[in-house]
Amino acid sequence: MNKTFGSGLLRKKMGLPLFPLLLLFYLPLFGIFFKLFQQEGAGAMAGQLKELLGSPSFLRTLGFTISQAALSAVFSLLLALPGAALFSRYDFPFKKLILSLSFISFILPPILVVLAFVQFWGNQGWVNQFIRWIFPQSQGIHILYSGKAIILAHVFYNLPLALRLIYDGWSSLPHSQEEAAYSLGCSPLKTFRKVIFPQLLPSVGSSLLLIFLYCFLSFAIILVLGGGPRFSTLEVEVYQQIKFSNNYLKGGMIALIEMALGMLLMWSYLKIESRRTLGYSQTLRHEDMKPLAGQGKWLLIIYLLFYMFFLAAPLLAMISKAFIIQRGWNGPREFTLTWFAALFTPGHGMLSLKAILTSLKYALGSTLLVLNISLFLGHQMLRKKILFPRFTEMLILMPLGISSVLLALSYLRISMGLSHNSPLKGLLIIGIHCIIALPLAYRSLVQRIHQLPVNLTEAAQSLGAKPWRLFTKIELPLLKPILRTSALFAFALSMGEVNAVLILSQPGDVTIPLAIYRLMGSYNFNGASAMGTLLIFITMAAFILMEKRNHADRI
Amino acid sequence: MLIEFNQVRFQQGDFILHAHLSMPQGKMICLLGPSGSGKTTLLRLLAGFETPQQGKILLQDRDITHQPAWKRRLGYLFQDLALFPHMRVDENICFGLSMDNIPKEQQKMRLKELLTLVDLEGYEKRQVQQLSGGERQRVALARALAPNPACLMLDEPLSALDASVRERLGRHIRKIQQYQNLTTIFVTHDQDEAMRLSDYIYIMKDGEMLEGGSPEELYEKPVYSWTAQFLGDGILLPILAEKSNKITTVWGDFILEKNEDIEGLTWKKEASNPIKKDRILIRPQWITLGRGNKKARVLSREFGPKGYRLEMQFKDQNFILYSQKNIEAGQWVNMECDKVHRLRCL
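Residues numbered from 1 in each chain as written. Chains lettered and ligands numbered in written order. Predicted model: local features only at pLDDT ≥ 70, side-chain atom pairs only at ≥ 80, totals over all residues.

1. Some words on the overall build of chain B
Spelled out, the test is: The helix and strand labels rest on DSSP assignments: H or I over at least four residues marks a helix, E over at least two residues marks a strand, and numbering proceeds from the N terminus. Counting other C-beta atoms within 10 Å of a residue's own tells you its class, since 20 or more makes it buried, 12 or fewer makes it exposed, and anything in between is partly exposed; those C-beta atoms are placed from the backbone. In this description, any two residues whose backbone-derived C-beta atoms lie within 7 Å of each other are considered to be in contact.
The helix and strand tally for chain B stands at nine helices and 20 strands. With the principal axes as the frame, chain B shows a C-alpha extent of 75 × 45 × 35 Å. Within chain B, the fraction of its 346 residues that count as buried is 38%. By sequence separation, contacts in chain B at least 24 residues apart represent 66% of the contacts at least 6 residues apart.

Written out as structure tokens, the structure reads:
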């Protein structure tokens, strides 16, 4: 049996590892279905389920949910593959930075993506302005508010993630395998087909499933960019049924189907992931990387240009909107800070300042909670006496397969039992944000703990370090970088999360993404862009701070 | 000649490799040198994994400088073996054959032949992860041999193995090479391994081909002092005066053998490596104890498989000798040098 690093605090009994998850996730979720069962009875639930499965409109929604997620995953993957090939072969400036953009999928709130897309692909967006500038008679392209827009936004969101995952898999394959195939007479294309791709399958499979899962549970993008019932998904349907139609039975049963499918996807993903980590684990040595030259150089430049156009341009379009004012319909455009100033002027302004403070409060609260719980879970899981460790780990990661809308709806029931001004309502949002960020924070922490050399703790123990000292003096300092990354991730996720806030917030409550949502709803795109720019600024500041601290630690 | 490197120049970052040499058919040729001397780079140039900026690489008088690796069909055994982990032993070995669209029946026959050659009969259906280090090495060797390459390249093939497996497998590779009369080029930084296994050795240093010759030639009559020291123990004495074939050193006068013509052995470009101060080489085997008029002192004594290892001193020069006689530390012993060799300093 492999020895694990966690040997200090971990060997002490610290209670049930699943207790925090039980409290924050499983009980509320169980509660919502139990309440439904109490109110409606098993017969009504079964009847509703049968009706749903026979309903063409539900099957159409289910079909669209699956097809948009599948198409988004496949396109993300197809666009990521050439990039992963080039990135794993060549060394070039800013490679690390570009790869770290995979964070975008996690830290950029969907509502901001929607906003950026409107500024870039919309009728008055950059793309159409450019087309009309070249061809004045042209009507431009109409992508927004369609299935295409949903897929495009999902690919925008998930391309960096796919690139990162496949790059990780590809760069762990020794370059000598490719060369061995060449020396045996295999052409580059055949080498990819026979040697590389079969070994990339776990990476490809896990990224396909993860992206599929994200798109399957996607909410804000579908709600805004879908533009109508034709492009509704299960997630939006649950929200519509419960929030607007007050049909808890139907909403609950759709949620149940969605949850079952989500958990099945999650289970498959974890299965593939465990295979992926069993394969080659060596990372590409620096000397295996080729310096940029020849044909590869041009291919890489073309790919990077595409990558930047696809990812950076929409965000730039949104940021520029925050700094530009146009006098009249066809008037000149000027640089301005008016939109930012408007956010802080009385009336409007107090709302925005409050939004920033509320967002920060939720983000800091959930970050603290995520760090503590993931450390606790990590240590618990690495104890030897955990019953069914694989199953328990699956239970910890399961929130990844549950939609935040469903989670928020389950919290809504608790919220309704609280008084209007109860401070506990804020804690509920913090709880949801924590549970959304927890699986990934926990996973990266545990992976890091496994990578740490066992002999460090053994050395400390041989020098007389007791469990607590071992934890504070050896384990915790070594885990600092990954804890910072997890903190940033939890912070950014909470700063941008809109689904739970949308469902749980009281009329007076507002956070930054909710303010963006409302400003967009009132067609104040400049104001929304200014608010979005502020959100990016806060998240980037946190990101740079983390990188600086991690860099200082490495030195 | 089978392989020729004609004024080849290859640069990658700060590293520059110059190669101008030829390799004969059917021999075991070793590229020997310290880390970073360019041995693997030379092999990769021949394999087609790198392309030189200048010069030509010829295989049987055919220019292959710009031919892609998959068209050269030269066998290559990688340091990390590069076995395909998703394929079984038989699939790995037959990979090159399937690239040539060889019929399945013929592939099976060749597989059987190769498994016998590398002593792995009955292993065909095993996963490569289930094999030991030595077994994997032999699978990789069989895979490289399968398509009957014109030449086999081995990049530090034994470096990851423990001593006993390493020696056994080294002999195995040598036997296969001799049995098949296959031109084999292997890279190593292990002097003993190079001398034991090869017909011919090229010494490489800082991207330059320093000199080449049979193991005996290079050990006994190297051109450069660097080679002499790199290949084994030896005493290097500065030349104080030289007249005809008589050389004067701090140890006294020595008469060079008649055929000690270093001009004919010169490999290096004189312009880039001017002669600084030449030396003479005395290998420990060339010294006889208990004879002659040179009195040396034994500083320390250790017992080992080669006999007694004596650390000795003569005229402020410390050196190592091996003796079958047990001589106590502190004793004075007479000694005589039977042979010396003149070196160029590098």
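2. Things to note about the sheet that holds strand E5 (residues 62-63) of chain B
All names here are of chain B. To keep it simple, the criterion reads: A pair of strands is considered paired only if DSSP assigns at least 2 bridges between the two.
Read from one edge of the open sheet, four strands run E2-E1-E4-E5, paired in antiparallel fashion. The strands lining the two open edges of the sheet, one partner per strand, are strand E2 (15-23) and E5. Strand direction decides the pairing type here: strand E4 (residues 54-59) and E5, joined by two bridges, are antiparallel. Considered in E5, the bridge of Leu58 is made with Asp63.

3. Remarks on the sheet that holds strand E17 (residues 307-314) of chain B
All names here are of chain B. Convention followed: An axis is simply a line fitted to the C-alpha atoms; with a helix, the fit covers only the stretch in contact. Between two such axes, the angle follows the N-to-C directions and lies from 0 to 180 degrees.
Strands sit in the order E18-E17-E16-E19 across an open sheet of four strands; the sheet is antiparallel. Lying at the two open borders of the sheet, with one neighbouring strand each, are strand E18 (317-323) and strand E19 (332-337). Within this sheet the neighbouring strands show an average axis-to-axis angle of 50 degrees, counted without direction. Relative to E17, strand E16 (residues 287-304) is paired through seven bridges, and the arrangement is antiparallel. Its bridge partner being in E17, Arg297 is matched across the sheet by Gln313.

4. Concerning the domain arrangement of chain A
Residues and elements named next belong to chain A. Formally: An automatic or database domain assignment supplies the start and end points of every domain.
Split into domains, chain A comes out as domain 1 (1-31 + 339-555) and domain 2 (42-321). Listed by partner, the interface residues are 30 residues for domain 1 and 30 residues for domain 2. Breaking the side of domain 1 that touches domain 2 down by element, the ones donating at least two residues are helix H16 (389-397), helix H17 (404-416), helix H20 (467-496), helix H21 (499-504), helix H22 (512-521) and helix H23 (525-554). Residue contributions to the side of domain 1 that touches domain 2 peak at eight residues, all from H23.

5. Remarks on the interface of chain A and chain B
Heads up, the condition is: Residue type decides the class: Asp, Glu, Lys and Arg count as charged, Ala, Val, Leu, Ile, Met, Phe, Trp, Tyr, Cys and Pro as nonpolar, and the leftover types, Gly among them, as polar.
At the interface, 16 residues of chain A touch 20 residues of chain B. For the side of chain A that touches chain B, the elements supplying multiple residues, two or more each, are helix H8 (175-183) and helix H9 (188-216) of chain A. Sorting elements by how many residues they give to the side of chain A that touches chain B places H8(A) first, with six residues. Among the residues making up the side of chain A that touches chain B, the classes are represented as nine nonpolar, six polar and one charged.

6. Looking at the domain arrangement of chain B
Residue and element names in this part refer to chain B. When the domains of chain B are assigned, the result is domain 1 (3-213) and domain 2 (222-346). One C-alpha centre belongs to domain 1, the other to domain 2; they are set 36 Å apart. Counting from both sides, the interface comprises seven residues of domain 1 and, opposite them, 10 residues of domain 2. Counting residues per element, the ones that place at least two in the side of domain 1 that touches domain 2 are strand E9 (200-205) and strand E10 (208-213). Among the elements that line the side of domain 1 that touches domain 2, the one with the most residues is E10, at four residues.

7. Thoughts on helix H3 (residues 89-99) of chain B
Residues and elements named next belong to chain B. Among the 11 residues in H3, eight count as buried, and that is most of the element. What H3 keeps buried is the set Val89, Asp90, Asn92, Ile93, Cys94, Phe95, Gly96 and Leu97. For H3, the elements touching its buried residues are helix H4 (104-117) and helix H5 (133-145). One or two residues past the end of H3 sits Asn101, with phi positive at roughly 55 degrees.

8. What to know about the nonpolar core
Residues and elements named next belong to chain A. Using the following cut-off: A set of buried Ala, Val, Leu, Ile, Met, Phe, Trp, Tyr and Cys residues, joined through C-beta atoms within 7 Å, is what we mean by a nonpolar core.
One finds Val114, Phe117, Ala153 and Ile516 to be the most contacted residues of the largest nonpolar core, which totals 151 residues. It is helix H7 (residues 147-171) that provides the largest number of residues to this core, a total of 16 residues. Taken domain by domain, the makeup of this core includes at least three residues from each of domain 1 (1-31 + 339-555) and domain 2 (42-321). Contacts of Ile516, omitting those with residues within four sequence positions, involve Ile111, Leu112, Leu115, Ala528, Met531 and Gly532.

9. Observations concerning the confidence of the model for chain B
Segments scoring low in pLDDT should not have their predicted coordinates read at a detailed level. Convention followed: For every residue, the predictor states its confidence as a pLDDT score lying anywhere from 0 to 100.
With 94% of its residues at a pLDDT of 70 or more, chain B shows a mean pLDDT of 88. For this predicted complex, the interface confidence score (ipTM) comes to 0.75, while the overall pTM stands at 0.76.

10. Side note on the packing of H7(A) against helix H13 (residues 294-322) of chain A
Residues and elements named next belong to chain A. Selection criterion: Roughly parallel here means an angle under 35 degrees, roughly antiparallel means over 145, roughly perpendicular means 65 to 115, and every remaining angle is called oblique. Crossing chirality is assigned from the near helix's rotation relative to the far helix, an anticlockwise turn below a right angle marking it left-handed and a clockwise turn marking it right-handed.
Here H7 crosses H13 at 125 degrees, and the two axes come no closer than 10 Å. Taken together, the axes of H7 and H13 lie oblique to each other. H13 is crossed by H7, and the crossing has left-handed handedness. Here Phe156, Leu159 and Pro160 of H7 lie close against H13, whose contacting residues are Phe310, Leu311 and Pro314. Taken together, the residues of the contact of H7 with H13 break down into six nonpolar, no polar and no charged.

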